[in-house]
Amino acid sequence: MLANHKYIAFETILIKEIRRFTRIWLQTLVPPAITIGLYFLIFGNLIGRRIGEMGGYNYIDFIVPGLIMMAVIQNAYANVSSSFFSNKFQRCIEEILVSPVPNYVILLGFVAGGVARGFAVGLIVTIMSLFFTSLHIEHVFLTLFVVLLTSVVFSLAGFINALYANTFDDISIIPTFVLTPLIYLGGVFYSIELLPAFGQWISALNPVLYMVNTFRYGILGTSDVNIFWALFLLMLFSAGLFVTALYLLRRGTGLRQ
Amino acid sequence: MHNINPQNAISIRNLQKTYANGHQALKGIDLDVQENDFFALLGPNGAGKSTIIGIISTLVRATSGSIQVFGQDVATHVYETKLSLGVVPQEINFSQFEKVGDIVMTQAGYYGLRGALARERTEKYLRKLDLWEKRDNRSRMLSGGMKRRLMIARALVHEPRLLILDEPTAGVDIELRRSMWEFLQELNRNGTTIILTTHYLEEAENLCRNIAIINQGQIVENTSMRKLLGKLARQTLVFDTCEELTLTPDFNDPDIECLRIDSHSFEVSMSTSRDINGLFSVLSGQGILIKAMRNKTNRLEELFLSSLKNQ
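Counting restarts for each chain: residues are numbered from 1 in the order of the written sequence. Note on labels: chains are lettered from A, ligands numbered from 1, in written order. Local features in a predicted model are, by the rule used here, given only for residues with pLDDT of at least 70; side-chain atom pairs are given and counted only at 80 or more, and totals for whole chains, interfaces and linings are based on all residues. Hydrogens and waters are ignored; side-chain quantities use all the structure's heavy atoms.

**Focus on the overall build of chain A**
Secondary structure follows DSSP: runs of H or I at least 4 residues long count as helices, runs of E at least 2 residues long count as strands, and numbering of each begins at the N terminus. Counting secondary structure elements, chain A contains 11 helices and two strands. Reading chain A from its N end, one meets helices and strands in the order α-α-α-β-β-α-α-α-α-α-α-α-α. About 11,300 Å² of surface is accessible on chain A, with carbon and sulfur atoms providing 70% of the total. His is not counted, nor are the chain ends, whereas Lys and Arg count as positive and Asp and Glu as negative. Lys charges are placed at NZ, Arg charges at CZ, Asp charges at CG and Glu charges at CD. Across chain A, 14 positive and 11 negative side-chain charges occur, with their mean positions spaced 10 Å apart. Accessible surface area values rest on a Shrake-Rupley calculation with a 1.4 Å probe, where residue burial reflects the displayed protein chains alone.

As structure tokens, then:
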């Protein structure tokens, strides 16, 4: 396939994905705004005042980056897993599979769709946070780069989940039983310095910790982890998941009989 | 328009498929379909028709064997073979939430078409299939027949040289079915090779020049429609009379069986090798005036059933 045609195919998948999540905005863009808004109000504003400082910052300022990242992670993952599985379920994935679009373009298209939703929700939640605190971003490019990498990682994870899924239950099990605990224990609401040594060691195995802390470093300039190490890990996760998803796609897992 | 070269649109050699559950769907299929042909692939449910189409369109992986599309191997020339192929599946497989126009435009994008060209093709095929007025409707709002036509428009948007239709007129009313036949015939006249699977044997008889019958994963008949119909030994003709019949016509011939149906009609069974002019002479001699005559049996259906029985 010509490079230009590959680009058109990629753009087509991306536009279709954006059209999907904007068409059902009441299910995709509004709920994270409401949920995270409540977190800001209750944990940040009401309870946060009594907590005082965390990591040298007001509690609301400390949790804002983590909550934004939580919304990005959940939505990037949900977008790709539900969209790709829905394509499988309705069999419209066959439209792409019978066409000459290469597997890696299919993968990139769906991942780009997840990244687009991650950024859209991240932007909405960031704007909402301005009602509760004044947000000053220390490192703009690093912040955007971390959102990009995190969205890519979780979009790829959502893609792999959708490949294996046979029912709609299969795409809700991982977010409920894996993703949510990882996010809540990933330093969104607290600094891992509060944990005993063993807890800190366990937390260091949680990939979300690196995402949240690198993002927090981008906004506040403070982090519980080494930024370069965290960026390296994020890129490693992206590459590993990309290769895995591409391998499964080539093998036809969950798609071709 | 496509150049018409005397080459095969499809060449299938020793194609076998055994599914993960152990079911052997194809047991070594050999099949050639010439370019510009209108080809029928018939067979009962579960015979292996959809599996063949699935393998050609890469949705199903062959256990062994090879398929060439216009001389190029499907496994090694993925881009070229997919570009020359349009597939209309048996089951509805587009998003029920997308607009009709968007579905066709999106498919154009998968083939590297966009902008004015994609819009032009989308309009062309939606108009040809009487769906242009529905372009802004959500696809789930379409009737069953419209959904089938939408899948045809979608399969044609990149103007493939080979169009494969898996039971395209299933559940479509007679009037619409005939308009789809005309459209497919026009497409074939313009150079598109068409392979059709259908349960309507009348459809295959009217449209297709060549035919293969598949049963239990094997080709049991592969010939031209003319030759196949030529194998038919007997035919039954139904006559409607102008006036009331007082007696059953007597042809005085052991090869001809005559049966009165009601007061104004009777049927005659005779071998296909004979001409029917003699019948009219006898009937005129007995003072019976004929208003209309038709062939009673679905000729292809008879052959189809006998092919399956003889296997």
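There's more to say after this.
**Describing the nonpolar core**
In a soluble, globular protein the nonpolar side chains are often hidden away together inside. Residues enter a nonpolar core if they are buried and are Ala, Val, Leu, Ile, Met, Phe, Trp, Tyr or Cys, with the set joined through side-chain atoms within 4.5 Å. Here's how the labels work: a residue is buried when its accessible area is under 20% of the maximum for its type, exposed when over 50%, partly exposed in between, all with a 1.4 Å probe on protein chains only. Counting residues in hydrophobic clusters, the biggest one holds 49 residues, and the most contacted among them are Ile 36, Leu 67, Met 69, Ile 73, Phe 154 and Phe 189 of chain A. For this core, the secondary-structure elements that each account for two or more residues are helix H3 (30-51), helix H4 (59-89), helix H6 (103-129), helix H7 (140-164), helix H8 (170-184), helix H10 (207-220) and helix H11 (227-251) of chain A. The leading source of residues in this core is H4 of chain A, at 14 residues. Residue contacts for Ile 36 of chain A: discarding those within four places in its chain leaves Leu 67, Met 70, Ala 71 and Val 125 of chain A. In this structure, Ala 40, Met 151, Leu 187 and Met 225 of chain B belong to the second largest nonpolar core, which totals 45 residues. Contacts are assigned to residue pairs that have any heavy atoms within 4.5 Å of one another.

**Quick notes on the pairing of strand E4 (residues 64-69) of chain B**
Residues and elements named next belong to chain B. A pair of strands is treated as paired once DSSP finds two or more bridges between them. Pairing between strand E1 (residues 8-18) and E4: five bridges, direction antiparallel. Within E4, the residue paired with Ser 11 across the bridge is Gln 68. Pairing analysis gives two bridges linking E4 to strand E5 (residues 72-73), with the strands arranged antiparallel. Bridge pairing in E5 links Val 69 to Gln 72. Linking E4 to E5, which pair antiparallel, is a turn of two residues; within it Phe 70 sits at a positive phi near 50°.

**Quick word on a nonpolar patch on the surface**
All names here are of chain A. Nonpolar side chains (Val, Leu, Ile, Met, Phe, Trp, Tyr) within 5 Å and like charges within 9 Å form the patches, drawn only from residues with over 30% relative accessible area and no salt bridge. Should a side-chain nitrogen of Lys or Arg be within 4 Å of a carboxyl oxygen of Asp or Glu, the pair is scored as a salt bridge. A cluster of nonpolar side chains, contributed by Ile 34, Leu 38, Leu 41, Ile 42, Phe 43, Leu 46, Ile 47 and Ile 51, occupies part of the molecular surface with about 660 Å² of accessible area. Mapping Ile 42 onto the fold places it in helix H3. Ile 42 sits in the partly exposed class, given a relative accessible area of 36%.

**Some words on the confidence of the model for chain B**
Residue and element names in this part refer to chain B. For chain B, the mean per-residue pLDDT works out to 86, and 92% of the residues sit at or above 70. Within chain B, helix H3 (residues 100-110) carries the highest mean pLDDT (95), whereas helix H10 (residues 299-310) carries the lowest (66). The predictor's confidence in any single residue is recorded as pLDDT, a number from 0 to 100. Note that residues 1-5 has pLDDT below 50 and, in this model, 10 contacts with residues that lie over four places away or in other chains.

**Let's talk about the pattern of salt bridges**
Any two side chains of opposite charge can pair, so long as their charged atoms come close to each other. In total, this model carries 15 salt bridges over all chains according to the counting rule given. Two residues, Glu 94 of chain A and Arg 91 of chain A, come together in a salt bridge whose shortest N-O distance is 3.0 Å. Judged by relative accessible area, Glu 94 of chain A falls into the buried class, the value being 11%. Judged by its relative accessible area of 33%, Arg 91 of chain A is partly exposed. With its nearest N and O atoms 2.7 Å apart, the salt bridge here joins Arg 154 of chain B to Glu 95 of chain A.

**Side note on the interface of chain B and chain A**
Listed by partner, the interface residues are 30 residues for chain B and 30 residues for chain A. Surface buried jointly by chain B and chain A totals about 2,800 Å² across both partners, of which 51% is contributed by carbon and sulfur atoms. When two components associate, each loses some accessible surface as probed by a 1.4 Å sphere; the sum of these losses over both components is called the buried area. Counting the surface chain B buries against chain A, the share from its top three residues, Leu 59, Tyr 79 and Tyr 110 of chain B, is 27%. Run the count over chain B and chain A and you get five salt bridges.

**A short note on the packing of H7 of chain A against H8 of chain A**
Residues and elements named next belong to chain A. Here the axes come from fitting lines to C-alpha atoms, over the contacting stretch only for helices, and the angles between their N-to-C directions go from 0 to 180 degrees. Two elements in contact, H7 and H8, have axes whose closest approach is 9 Å; the angle formed by their N-to-C orientations is 135°. In terms of orientation, H7 lies oblique with respect to H8. By crossing handedness, the relation of H7 to H8 is classed as right-handed. Taken together, the residues of H8 that come into contact with H7 (itself represented by Phe 154, Asn 161 and Ala 162) are Asp 170, Ile 171, Ile 174, Pro 175 and Leu 179. Residue classes follow a fixed rule: Ala, Val, Leu, Ile, Met, Phe, Trp, Tyr, Cys and Pro count as nonpolar, while Asp, Glu, Lys and Arg count as charged, and any other residue, Gly among them, counts as polar. Of the residues in the contact of H7 with H8, the class split is six nonpolar, one polar and one charged. Should an angle fall under 35 degrees it is taken as roughly parallel, and over 145 as roughly antiparallel, whereas 65 to 115 is taken as roughly perpendicular and any remaining angle as oblique. Crossing handedness is read from the near helix: turned anticlockwise from the far helix by less than a right angle, it gives a left-handed crossing, and turned clockwise, a right-handed one.

**With respect to the domain arrangement of chain B**
It is common to give the size of an interface as the accessible area that goes away when the parts come together. These domain boundaries are the output of an automatic or database domain assignment. When its domains are assigned, chain B resolves into domain 1 (8-230) and domain 2 (234-310). Each of domain 1 of chain B and domain 2 of chain B was reduced to a C-alpha centroid, and the two centroids are 38 Å apart.

**Focus on the layout of surface pockets**
Take a probe with the size of a water molecule and roll it over the atoms, and the empty space left behind shows itself. Points on a 1 Å grid, built from protein atoms alone, make a cavity when a 1.4 Å probe fits but cannot get out and make a pocket when they are open with protein on both sides within 12 Å along at least 5 of 7 lines; residues with an atom within 4 Å of a point are the lining residues. Grid points are joined across faces, edges and corners, and a volume is the space filled by probe spheres set on the points. Considering only enclosed or pocket space, the largest pocket measures out at about 720 Å³ in volume. The wall of the largest pocket is formed by 31 residues, among which Arg 91, Glu 94 and Gln 257 of chain A together with Ser 50 and Val 60 of chain B lie closest to the centre. Elements with a contribution of two residues or more to the lining of the largest pocket: H4 and helix H5 (93-97) of chain A together with helix H1 (49-56) of chain B. Tallying contributions element by element places H1 of chain B first for the lining of the largest pocket, with five residues. In terms of residue class, the lining of the largest pocket is made up of 13 nonpolar, 11 polar and seven charged. Here the second largest pocket is characterised by a volume of approximately 520 Å³. Of all the secondary structure elements, the ones that give two or more residues to the lining of the second largest pocket are H5 and H6 of chain A together with E4 and helix H2 (78-83) of chain B.

**Some points on empty space enclosed by the protein**
Using the criterion set out here, one finds three cavities of 30 Å³ or more in the structure. Taken as a whole, the largest cavity encloses approximately 150 Å³ of empty space. In terms of lining residues, the largest cavity is bounded by 16 residues, among which Glu 94 and Val 98 of chain A together with Val 87, Gln 107 and Tyr 111 of chain B are the most central. Within the residue set of the lining of the largest cavity, elements represented by two or more residues are H5 of chain A together with strand E6 (85-88) and helix H5 (144-156) of chain B. Examining the composition of the lining of the largest cavity, we find that three residues originate from one element, E6 of chain B, more than from any other.

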